[in-house]
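Now for the letters of each chain:
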Amino acid sequence: MLLHLKSLVFLTQLIWFFQQAWQLSAYQEVKDKKIGSFFSSVFCVLQAVLTVLCTVLSFFAPLVASFMLQGETYKAWPMISILLIANLFSVFSSFYGTVYSATMHTSFVMKTTVFGAVACVVFTPMLLPIMGVTGACVASALGQAMVFAMRVIDAKRFIQFEVGWKYLAPTLVLLITQSIFTTWEIGGWKIISGICAIIIIIIQMVHIAANLSQIREMKRKNNQ
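Predicted model, so just to flag it, every value in this text is computed and none were measured. (Residues numbered from 1 in each chain as written. Predicted model: local features only at pLDDT ≥ 70, side-chain atom pairs only at ≥ 80, totals over all residues. Heavy atoms only, no water.)

Draft legend 1. Structural context of the overall build of the chain. Assigned secondary structure in the chain consists of nine helices and zero strands. When the helices and strands of the chain are read in sequence order from the N terminus, they spell out α-α-α-α-α-α-α-α-α. Residues counted as buried form 44% of the 224 residues belonging to the chain. In the chain, 80% of the contacts between residues at least 6 apart in sequence involve partners at least 24 apart. (Helix = DSSP H or I, 4+ residues; strand = E, 2+ residues; numbered from the N terminus. Buried < 20%, exposed > 50% of the residue type's maximum accessible area, 1.4 Å probe, protein only. Contact = heavy atoms within 4.5 Å.)

This is the structure in structure tokens:
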């Protein structure tokens with residue numbers, strides 16, 4: 001828990017400010033006929049910024065930990081990568097949560113949140129004997145991923161928008177690969193981590209470029 005609080009405090013604060021602004025914007029735009037395009041543009045930027053930030057922080061995890069962790073706690077730095085992924089899925093889930101709050105269908109948010117918490121409680125004792133404390137981090141990531149998946153599938157009933165799976169899917173695979181090599185310090189993990197980071201940055205740059213016209217339109221509309 002100490003590691004989680006120290007290593008992700010900056011991300012948490014940044015995300016909190018974004019969530020406040022995003023919830024208000026989503027509520028104001030929900031009646032717009034182009035609401036799907038609006039959600040797509042925001043999610044495009046959100047996933048690009050956060051996935052790049054996660055992969056960079058994961059690559060520099062030992063350096064980040066040297067500033068944030070002291071003494072014996074420094075040994076826990078390999079878990080930062082997994083916690084970053086758990087936090088990433090949490091943010092994505094929260095983004096989808098605005099679909100329900102903006103359309104006044106909030107009951108499913110509570111159901112999925114409870115489901116994710118229960119999944120985490122179930123997975124934790126299963127993984128602890130196998131992975132130790134790292135198992136608790138993996139359980140958290142799995143729980144958050146399941147919440148995200150459930151909301152992605154269900155939210156289409158209210159607002160349909162493009163997630164950009166051809167960019168997000170390979171990015172998630174690379175983040176998980178980077179996390180596995182980094183967490184267990186598998187041979188050549190620094191090189192693999194660096195390669196994953198570079199590829200993720202390229203993928204998300206292409207993603208932003210492909211959606212640049214929509215993003216500009218969203219920015220122009222917000223400035224009016």
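Draft legend 2. Geometry of the pattern of salt bridges. Scanning the model with the defined rule gives one salt bridge in all. The partner of aspartate 154 in a salt bridge is arginine 157, with the nearest N and O atoms 2.9 Å apart. A residue is classified by how much of its surface remains accessible, and aspartate 154, at 13% relative accessible area, is buried. (Salt bridge = Lys/Arg side-chain N within 4 Å of Asp/Glu carboxyl O.)

Draft legend 3. Highlighting helix α8 (residues 189-210). Between its first and last C-alpha, α8 extends 31 Å over 22 residues, near the 32 Å set by a 1.5 Å rise per residue. All of the buried residues in α8 are Trp189, Ser193, Gly194, Cys196, Ala197, Ile200, Ile203, Gln204 and His207. On its buried side, α8 packs onto α2 (35-59), α3 (61-68) and α7 (165-183). (Expected span 1.5 Å × (residues − 1).)

Draft legend 4. Representation of unusual backbone geometry. The backbone of methionine 104 shows a phi angle near 65°, a positive value even though the residue is not glycine. Tracing the sequence through the fold places methionine 104 in the loop between α4 (80-102) and α5 (107-131). The backbone phi angle of glutamate 185 is positive, close to 45°, even though this residue is not glycine. Following the sequence through the fold, glutamate 185 ends up in the loop between α7 and α8. Residue glutamate 185 is classed as partly exposed on the basis of its relative accessible area of 42%.

Draft legend 5. Representation of the environment of leucine 175 in the model. With respect to the helices, strands and loops of the structure, leucine 175 is situated in helix α7. For leucine 175, a relative accessible area of 5% corresponds to the buried category. For the pair formed by leucine 175 and cysteine 54, sequence separation is 121 residues and the distance between their alpha carbons is 8.0 Å.

Draft legend 6. Here's a closer look at the nonpolar core. Ranked by size, the top nonpolar core spans 39 residues in total, and within it Phe39, Phe43, Phe95, Tyr96, Phe148 and Phe161 carry the most contacts. Excluding residues that lie within four positions of it along the chain, phenylalanine 148 makes contacts with Phe43, Phe89, Phe92, Ser93, Tyr96, Trp165 and Leu168. In this structure, Ala86, Leu127, Cys137 and Ala141 belong to the second largest nonpolar core, which totals ten residues. (Core = buried A, V, L, I, M, F, W, Y, C linked by side-chain atoms within 4.5 Å.)

Draft legend 7. Examining the packing of aromatic side chains more closely. Per the counting criterion, the structure on display carries 18 aromatic pairs. Ring centres of phenylalanine 43 and phenylalanine 95 lie 5.0 Å apart, and the angle between their planes is 50°; this geometry places the pair in the tilted category. Pair noted here: phenylalanine 43 is in helix α2 and phenylalanine 95 is in helix α4, with a separation of 52 residues, a long-range link. Each member of the pair, phenylalanine 43 together with phenylalanine 95, is buried. The rings of Phe38, Phe39, Phe43, Phe89, Phe92, Phe95, Tyr96, Phe148, Phe161 and Trp165 are connected pair by pair, giving a single aromatic cluster. (Phe/Tyr/Trp six-rings, centres within 6.5 Å; stacked < 30°, edge-to-face > 60°.)

Draft legend 8. The arrangement of the side chain of serine 81 in detail. Take serine 81: it is sitting in helix α4. We classify serine 81 as buried; its relative accessible area is 2%. One polar contact links serine 81 to serine 58, side chain to side chain, over a distance of 2.5 Å. The contacts of serine 81, once residues within four sequence positions are left out, are Ser58, Ser179, Thr182 and Thr183. (Polar contact = N/O pair within 3.5 Å; in protein donor to acceptor, adjacent residues only side chain to side chain.)

Draft legend 9. Main features of α7. The end-to-end C-alpha separation of α7 is 26 Å, in line with the 27 Å expected for 19 residues at 1.5 Å each. Within the sequence span of α7, burial applies to Tyr167, Leu168, Thr171, Leu172, Leu174, Leu175, Gln178, Ser179, Thr182 and Thr183. In this structure, the buried residues of α7 make contact with α2, α4, α6 (133-154) and α8.

Draft legend 10. A nonpolar patch on the surface, seen in detail. There is a patch of nonpolar side chains on the surface, built from Met110, Val114, Val118, Val122 and Met126 and spanning about 460 Å² of accessible area. Among the secondary structure elements, methionine 110 is positioned in helix α5. (Patch = residues over 30% accessible without salt bridge, like charges linked within 9 Å, V, L, I, M, F, W, Y side chains within 5 Å. Areas by Shrake-Rupley, 256 points an atom, 1.4 Å probe, with all protein chains shown as cover.)

Draft legend 11. Broad picture of the packing of α4 against α6. In contact at an axis separation of 8 Å, α4 and α6 are set at 25° when each is read in the N-to-C sense. What the angle tells us is that α4 and α6 run roughly parallel. The interaxial crossing formed by α4 with α6 has left-handed handedness. Touching Ile82, Leu83, Ala86, Phe89, Ser90, Phe92, Ser93, Ser94, Tyr96, Gly97 and Tyr100 of α4 are Thr134, Cys137, Val138, Ser140, Ala141, Gln144, Ala145, Val147, Phe148, Arg151, Val152 and Asp154, all from α6. Residue composition of the contact of α4 with α6, grouped by class: 14 nonpolar, seven polar and two charged. (Axes fitted to C-alpha atoms, helices over the stretch in contact; angles between N-to-C directions. Parallel < 35°, antiparallel > 145°, perpendicular 65-115°, else oblique. Left-handed = near helix turned anticlockwise from the far one by under 90°. Nonpolar A, V, L, I, M, F, W, Y, C, P; charged D, E, K, R; others polar.)

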